[in-house]
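# Topology and contacts: notes
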2 protein chains.
Amino acid sequence: MATSNTGVRTLLGSHRLPNPVPAGEYARCPATDVLRRVSDKWTLLLITLLGQRPYRFNELHRAVDGISQRMLTRTLRTLKSDGLVEREVFPTLPPSVEYRLTPLGVSLLEPLSALAGWAVDHHAEIEAARQRRT
Amino acid sequence: MATSNTGVRTLLGSHRLPNPVPAGEYARCPATDVLRRVSDKWTLLLITLLGQRPYRFNELHRAVDGISQRMLTRTLRTLKSDGLVEREVFPTLPPSVEYRLTPLGVSLLEPLSALAGWAVDHHAEIEAARQRRT
DNA sequence: CTGTATCCAATCCGATACTG
DNA sequence: CAGTATCGGATTGGATACAG
């Protein structure tokens, strides 16, 4: 299962990093960019929910306890502009809007799930380390 | 390779999320917690470098173009308190300090690498979606 | 060499009020 | 129902100066 790779595929796909890592390139590093996008407060949860089935706006609002309307809109807009989520408007009265993962969004579920799984498996160790507060 | 799992393992390991997701529990969701920690500006790069070999403080400072002394210290301290990195002081004159990944840190490389790989593979699609700016 | 301390700017996020 | 607009507090990160 584990490969012998101890590097992280980043900085345009190289396994060995240049030294020094150029500041200009790192600022646009795909891995860091994606990581930062996906790790804001609500994105992981919204991707998880939309990974199960499509949701309407207020349905998400009800499903996610504590999210503000502003943050729900903002997060969905960002996901859409990144091509991870698509938005379909049904011109009913009142209007209804459905959100669903795009194929690109679906493809993200697996690596994201792997990292989430690691977090679940090792969270106790991290907590223990924090308790030692050294 | 791909499983049929379309959920993300989160919220204490459940594959199906309760509805609504309780705000109090989500605030402590291990996956979100880990994702947010690992995605600050310099953490991914530092973990990547330390995944190759141990580094001394100034060696990291030189290797990472653009990082401030303050952020290098802060990021390493956080990684250490989370148990991902360990710090060894050699009482030479002047002192030298070596940082290396702990076994826990090493175990993070694989899922992090998977996500970084996804980012590298799909970054062009994300960029294209952003250009469409819809 | 390996840090701390201080200050400041930018961004993130929540609360609230309003709208087609 | 599905948003937008505005405000303000909290967090993040950079620059600079100082220290064991």
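The text that follows walks through the structure, step by step, so that each part is easy to find.

Rules behind the numbers
Residues numbered from 1 in each chain as written. Chains lettered and ligands numbered in written order. Predicted model: local features only at pLDDT ≥ 70, side-chain atom pairs only at ≥ 80, totals over all residues. Heavy atoms only, no water. Near = heavy atom within 4 Å. Polar contact = N/O pair within 3.5 Å; in protein donor to acceptor, adjacent residues only side chain to side chain. Helix = DSSP H or I, 4+ residues; strand = E, 2+ residues; numbered from the N terminus. Nonpolar A, V, L, I, M, F, W, Y, C, P; charged D, E, K, R; others polar. Pairing = 2+ DSSP bridges. Contact = heavy atoms within 4.5 Å. Axes fitted to C-alpha atoms, helices over the stretch in contact; angles between N-to-C directions. 1 Å grid on protein atoms, 1.4 Å probe; cavity = no way out; pocket = protein on both sides within 12 Å on 5 of 7 lines; lining within 4 Å. Points joined across faces, edges and corners; volume = space filled by probe spheres on them. Buried < 20%, exposed > 50% of the residue type's maximum accessible area, 1.4 Å probe, protein only.

### Description of the protein's contact with DNA strand D
The immediate surroundings of DNA strand D are formed by 20 residues, with Gln 69, Arg 87 and Tyr 99 of chain A together with Lys 41 and Arg 70 of chain B found nearest. The sugar-phosphate portion of DNA strand D accounts for 60% of its atoms within 4 Å of the protein, the bases making up the rest. Trp 42 of chain B places a polar side-chain atom, nitrogen or oxygen, 3.3 Å from a phosphate oxygen of DNA strand D. Counting only elements with at least two residues in the surface near DNA strand D, the list comes to helix H4 (57-63), helix H5 (69-81) and strand E3 (96-101) of chain A together with helix H5 (69-81) of chain B. Sorting elements by how many residues they give to the surface near DNA strand D places H5 of chain A first, with four residues. Of the residues belonging to the surface near DNA strand D, the class tally is seven nonpolar, four polar and nine charged.

### Notes on the sheet that holds strand E2 (residues 85-90) of chain A
All names here are of chain A. The antiparallel open sheet is built from three strands, whose spatial order is E1-E3-E2. Two strands in the sheet have a free side with no partner beyond their single neighbour: strand E1 (55-56) and E2. Alignment of E2 against E3, held across six bridges, turns out to be antiparallel. Along E3, the bridge assignment pairs Val 85 with Leu 101. Lying on the sheet, helix H3 (residues 43-50) is in contact with E1, E2 and E3; it crosses E3 at an angle near 95°. Running at roughly 110° to E2, H5 makes contact with E2 and E3 of the sheet.

### Some thoughts on empty space enclosed by the protein
Tallied over the entire structure, the rule returns five cavities of 30 Å³ or more. Here the largest cavity is characterised by a volume of approximately 100 Å³. Around the largest cavity, the lining comprises 13 residues; the ones closest to its centre are Arg 37, Val 38, Leu 79, Asp 82 and Leu 84 of chain B. Those elements that provide at least two residues to the lining of the largest cavity are helix H6 (103-132) of chain A together with helix H2 (30-38) and H5 of chain B. Looking at the lining of the largest cavity residue by residue, the class counts come to seven nonpolar, three polar and three charged.

### A look at the layout of surface pockets
In this structure, the second largest pocket encloses a volume near 160 Å³. Lining the second largest pocket we find Ala 23, Tyr 26, Ala 27, Cys 29, Thr 32, Asp 33 and Arg 36 of chain A together with Lys 41, Trp 42, Asp 65 and Gly 66 of chain B. Breaking the lining of the second largest pocket down by element, the ones donating at least two residues are helix H1 (23-27) and helix H2 (30-38) of chain A.

### Some words on the protein's contact with DNA strand C
The environment of DNA strand C is made up of 21 residues, and the closest members are Lys 41 and Arg 70 of chain A together with Asn 58, Arg 87 and Tyr 99 of chain B. For DNA strand C, the fraction of atoms within 4 Å of the protein that belong to sugar or phosphate moieties is 60%. At 2.9 Å from a base oxygen of DNA strand C is found a side-chain nitrogen or oxygen belonging to Arg 70 of chain A. Counting only elements with at least two residues in the surface near DNA strand C, the list comes to H5 of chain A together with helix H4 (57-63), H5 and strand E3 (96-101) of chain B. With four residues, H5 of chain B is the largest single contributor of residues to the surface near DNA strand C.

### So, the side chain of Ser 39 of chain B
With respect to the helices and strands, Ser 39 of chain B occurs in the loop between H2 and helix H3 (43-50). The buried category is assigned to Ser 39 of chain B, whose relative accessible area is 7%. In terms of polar contacts, Ser 39 of chain B uses its side chain to reach the backbone carbonyl oxygen of Arg 36 of chain B, at 3.3 Å. The residues touching Ser 39 of chain B, leaving out its near neighbours within four places in the chain, are Leu 35, Arg 36 and Ser 39 of chain A.

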